[in-house]
Protein chains: 2
Amino acid sequence: MLYIIGLGLGDEKDITLKGLEAVRRCDKVYIEAYTSLLSFGISSDGLSKLEELYGRPVTLADREMVEERADVVLSEARRSDVAFLVVGDPFGATTHSDLVVRAKSLGLEVKVIHNASVMNAVGVCGLQLYRYGETISIPFFTETWRPDSFYEKIQRNRQLGLHTLCLLDIRVKEPSLESLCRGRKCYEPPKYMTINIAIEQLLEVEQTRGESAYSAETICVGIARLGSDDQQVVAGSMKELQAVDFGAPLHCLVIVGETHPVEEEMLNFYALKMETMKSKGDLTNSGSV
Amino acid sequence: MLYIIGLGLGDEKDITLKGLEAVRRCDKVYIEAYTSLLSFGISSDGLSKLEELYGRPVTLADREMVEERADVVLSEARRSDVAFLVVGDPFGATTHSDLVVRAKSLGLEVKVIHNASVMNAVGVCGLQLYRYGETISIPFFTETWRPDSFYEKIQRNRQLGLHTLCLLDIRVKEPSLESLCRGRKCYEPPKYMTINIAIEQLLEVEQTRGESAYSAETICVGIARLGSDDQQVVAGSMKELQAVDFGAPLHCLVIVGETHPVEEEMLNFYALKMETMKSKGDLTNSGSV
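Residues numbered from 1 in each chain as written. Chains lettered and ligands numbered in written order. Predicted model: local features only at pLDDT ≥ 70, side-chain atom pairs only at ≥ 80, totals over all residues. Heavy atoms only, no water.

Caption draft 1: Expanded view of the overall build of chain A. When helices and strands are tallied, chain A shows 11 helices and 13 strands. When the 289 residues of chain A are sorted by exposure, 56% land in the buried category. Of the contacts formed within chain A by residues at least 6 apart in sequence, a portion of 72% connects residues at least 24 apart. As displayed, chain A has an accessible area near 12,200 Å², and 49% of this comes from carbon and sulfur atoms. (Helix = DSSP H or I, 4+ residues; strand = E, 2+ residues; numbered from the N terminus. Buried < 20%, exposed > 50% of the residue type's maximum accessible area, 1.4 Å probe, protein only. Contact = heavy atoms within 4.5 Å. Areas by Shrake-Rupley, 256 points an atom, 1.4 Å probe, with all protein chains shown as cover.)

In structure tokens:
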């Protein structure tokens, strides 16, 4: 049996009881390492917090391993119970459909244990999930690669009055260009896009396209470390959010569409510079909502 | 402190460790009863399974109570730790923004503990979450009330090649019209829309509107009891799915947009009548994915 178990967004205690019982039953436990394990306190010296909780050794599975050695994982799952742990939900922002398809093609039983992902937890900012349009991803621009197909999607969402969730690029274990040229793989240090960089790129694309899909005045919500104890949610214009230090990754950004009164009330609590906030103390929101 | 804790979609074991620790710390525990508690095995004789797990008495809070007695809940939360439990995620399909806004206006600290909701767990059917457009709700039609504003939304999503998640109506503790006329409240038995009724209504609206937003041949995915052990996922045309018995609630429906190859492979596993499935045994999928 192959268990694919969502770990949620915060730390090791965001696993569900069902997930924990399953992982404790498994003979072999893998954890995907190609999105982000930052908030799970996983460092180079191992996965001690998770391993302690599970009472099982945990093997880090990077993208290479999952792609190149999936057969090994799947043949283990044929003989015994194997857990594949993923940050967030197994079918959240990063999906594991490939692994499921391969497992099912081999006639393996696959059991999914769900958890929160950015795709639903983003609701915490007060914008209703059913008022979101298509989700977009913003990749790191390079000198030669500046893909901006997200522009039309934002434009469309805004024309329909819908909010846009922007997922920001994560680069983990990318082979460095230099090392590829030399024929041996060395890896770049992990790189996480900040809200500030995302807005900079968004405004650059708007300037190039010039169709006023959005502007520096467009209201957005910046969310850092969603679901963690030190989560930070700040609402303001793109220009205003560009000046905010959101701290450690992960970051994501919501471009706000048309709002309903209850949505506005919630945004007010997170507003950076609105008059209504002045009497309420905290300008940003850390930890709890 | 007010904790708003998501319970996930399956049963009492879908709470997270963090959620369980919080609820065990609380002096008073409420559970919202105005969506669906079906899968949590909650019957008229009480909330025994949950109460046993939490070691705390749990109070059922219906919509009336939350609306009329929110002040009581909030003033308890001012003096002590109070948990408000919700099925799915606190900001999933049913949002609890109102309660949060009221709590924050009173200066109360609010802590949200996320979990899976239909909005992300629907990813299990293999369609990528970032390829969904606006989510729609399909209400029960009555003789005199047949709102069809979802039609334009489906049309728009399909024009853009996006999938549409359809949330199906739940009627819990609705005062009966007869009882309202008599001046005392009696309640209708709970009513959950099936996939079959949803498709019937969708096709009726298409017939009235006649703009070919979709048809009886449009491919959909019907999902029953999402996230539960006896979850059922079936892909097929509207006409085909109309003939499937999906069993007990809750049901939801996805109207499929343009698909990518990996999405198609996953849909094949759930397909009702595709040639490719014939050799693979199970036509529908129960329990595991």
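Caption draft 2: Inspection of the UniProt feature "binding site: S-adenosyl-L-methionine" (unreviewed entry) in chain A at higher detail. All names here are of chain A. UniProt's entry tags Leu9, Asp89, Gly92, Ser117, Val118, Leu168, Leu226 and His251 with the feature "binding site: S-adenosyl-L-methionine" (unreviewed entry), counted in the numbering of this structure. Mapped onto the fold, Leu9 is located in the loop between β1 (2-6) and α1 (17-25). What makes Asp89 buried here is its relative accessible area of 2%. Reaching out from Asp89, the side chain makes a polar contact with the backbone nitrogen of Phe91 at a distance of 3.0 Å. (UniProt positions renumbered as here; feature names shortened; annotations may be inferred. Polar contact = N/O pair within 3.5 Å; in protein donor to acceptor, adjacent residues only side chain to side chain.)

Caption draft 3: The arrangement of the interface of chain A and chain B in detail. Of the residues lining the interface, 57 residues belong to chain A; the matching set on chain B comes to 57 residues. Buried surface at the junction of chain A and chain B, both sides included, amounts to about 4,900 Å², of which 60% is carbon and sulfur. Among the residues of chain A in contact with chain B, Leu17(A), Lys18(A) and Lys104(A) are the three that bury the most area, contributing 13% of the side total. Counting across the interface, chain A meets chain B through 10 salt bridges. Counting across the interface, chain A meets chain B through 18 residue pairs in polar contact (both at pLDDT 80 or more). When residues of the side of chain A that touches chain B are traced back to their parent elements, those giving at least two are α1, α5 (97-105), β5 (110-113), α6 (118-121) and α11 (261-269) of chain A. In terms of residues, the side of chain A that touches chain B owes the most to one element, α5(A), which gives six residues. (Buried area = accessible area lost by both parts, 1.4 Å probe. Salt bridge = Lys/Arg side-chain N within 4 Å of Asp/Glu carboxyl O.)

Caption draft 4: Quick peek at the packing of aromatic side chains. According to the stated counting rule, one finds two aromatic pairs over all chains in the structure shown. When the ring centre of Phe140(A) is taken as origin, the NZ or CZ atom of Lys191(A), which lies over that ring, is 4.3 Å away. (Phe/Tyr/Trp six-rings, centres within 6.5 Å; stacked < 30°, edge-to-face > 60°. Lys NZ or Arg CZ within 6 Å of the ring centre and 35° of its normal.)

Caption draft 5: Seen up close, the sheet that holds strand β2 (residues 28-32) of chain A. Residue and element names in this part refer to chain A. Pairing in this open sheet of five strands is parallel, and the strands run β3-β2-β4-β1-β5 from one edge to the other. Looking at the sheet topology across the chains shown, the edges are occupied by β3 (58-61) and β5. Averaged over all adjacent pairs, the angle separating strand axes in this sheet is 25 degrees, with direction ignored. Two strands pair when backbone bridges link them, and β1 and strand β4 (residues 82-86) are joined in this way by five bridges, in the parallel orientation. By the bridge assignment, Ile5 is partnered in β4 with Leu85. (Pairing = 2+ DSSP bridges. Axes fitted to C-alpha atoms, helices over the stretch in contact; angles between N-to-C directions.)

Caption draft 6: The arrangement of a negative patch on the surface in detail. A cluster of acidic side chains, namely Glu67(A), Glu68(A), Asp98(A), Glu264(B) and Glu265(B), defines a negative patch on the protein surface. If you trace the backbone, Glu264(B) turns up in helix α10 (residues 261-270). (Patch = residues over 30% accessible without salt bridge, like charges linked within 9 Å, V, L, I, M, F, W, Y side chains within 5 Å. Lys, Arg positive; Asp, Glu negative; His and termini not counted. Charge placed at Lys NZ, Arg CZ, Asp CG, Glu CD.)

Caption draft 7: Structural context of the nonpolar core. If you look at the biggest cluster of nonpolar residues, it comprises 90 residues, and the most contacted ones within it are Val221(A) and Val221(B). The element that contributes the greatest number of residues to this core is helix α3 (residues 63-79) of chain B, accounting for six residues. Not counting the four nearest positions on each side in its chain, Val221(A) is found in contact with Cys125(A), Leu127(A), Val233(A), Val234(A), Ala235(A), Leu241(A), Cys252(A), Leu253(A), Val254(A), Val256(A) and Leu267(A). Residues Tyr3(A), Ile5(B), Leu50(B) and Ala83(B) belong to the second largest nonpolar core, which totals 36 residues. (Core = buried A, V, L, I, M, F, W, Y, C linked by side-chain atoms within 4.5 Å.)

Caption draft 8: Representation of the packing of helix α7 (residues 150-159) of chain A against helix α9 (residues 195-209) of chain A. Residues and elements named next belong to chain A. Put simply, α7 and α9 touch, their axes get as near as 11 Å, and they point 85 degrees apart. Classified by the angle between their axes, α7 and α9 sit roughly perpendicular to one another. Contacts between α7 and α9 pair Phe150, Tyr151, Glu152 and Ile154 from the former with Leu202, Val205, Glu206 and Arg209 from the latter. Classifying every residue of the contact of α7 with α9 by side-chain character gives five nonpolar, no polar and three charged. (Parallel < 35°, antiparallel > 145°, perpendicular 65-115°, else oblique. Nonpolar A, V, L, I, M, F, W, Y, C, P; charged D, E, K, R; others polar.)

Caption draft 9: Broad picture of the relation of the copies chain A and chain B. Superposition record for chain A on chain B: RMSD 0.0 Å, screw rotation 180 degrees, translation along axis 0.0 Å. Both chain copies can therefore be described as sitting about a two-fold axis. Comparing interface residues between copies, 100% of those in chain A also sit at the interface in chain B, which points to an isologous, same-surface contact. (Least-squares fit on C-alpha atoms with pLDDT ≥ 70 in both.)

Caption draft 10: Quick look at the sheet that holds strand β3 (residues 58-61) of chain B. Residue and element names in this part refer to chain B. The five strands lie next to each other as β3-β2-β4-β1-β5, forming an open sheet whose pairing is parallel. Taken across any chain shown, the strands that pair with only one partner, and hence form the sheet edges, are β3 and β5 (110-113). Each neighbouring strand pair of the sheet contributes to a mean axis angle of 25 degrees, computed without reference to strand direction. Where helix α1 (residues 17-25) meets the sheet, its contacts fall on β1 (2-6), β2 (28-32), β4 (82-86) and β5, and the angle it forms with β1 comes to roughly 140 degrees.

Caption draft 11: Quick look at the side chain of Arg131(A). Mapped onto the fold, Arg131(A) is located in the loop between α6 and β6 (136-138). Here Gly161(A) takes part through its backbone oxygen, which lies 3.2 Å from a polar atom of the side chain of Arg131(A). Of note is the side chain of Arg131(A), whose polar atom sits 3.1 Å from the side chain of Glu134(B). Excluding its chain neighbours within four sequence positions, the residues that come into contact with Arg131(A) are Leu160(A), Gly161(A), Leu162(A), His163(A), Glu258(A), His260(A), Glu263(A) and Glu134(B).

Caption draft 12: The side chain of Glu263(B), seen in detail. Residue and element names in this part refer to chain B. Inspection of the secondary structure assignment puts Glu263 in helix α10. Buried Glu263, no salt bridge; nearest opposite-charge side chain is Arg131, N-O distance 5.3 Å. There is a polar contact of 2.9 Å between the side chain of Glu263 and the backbone nitrogen of Gln128.

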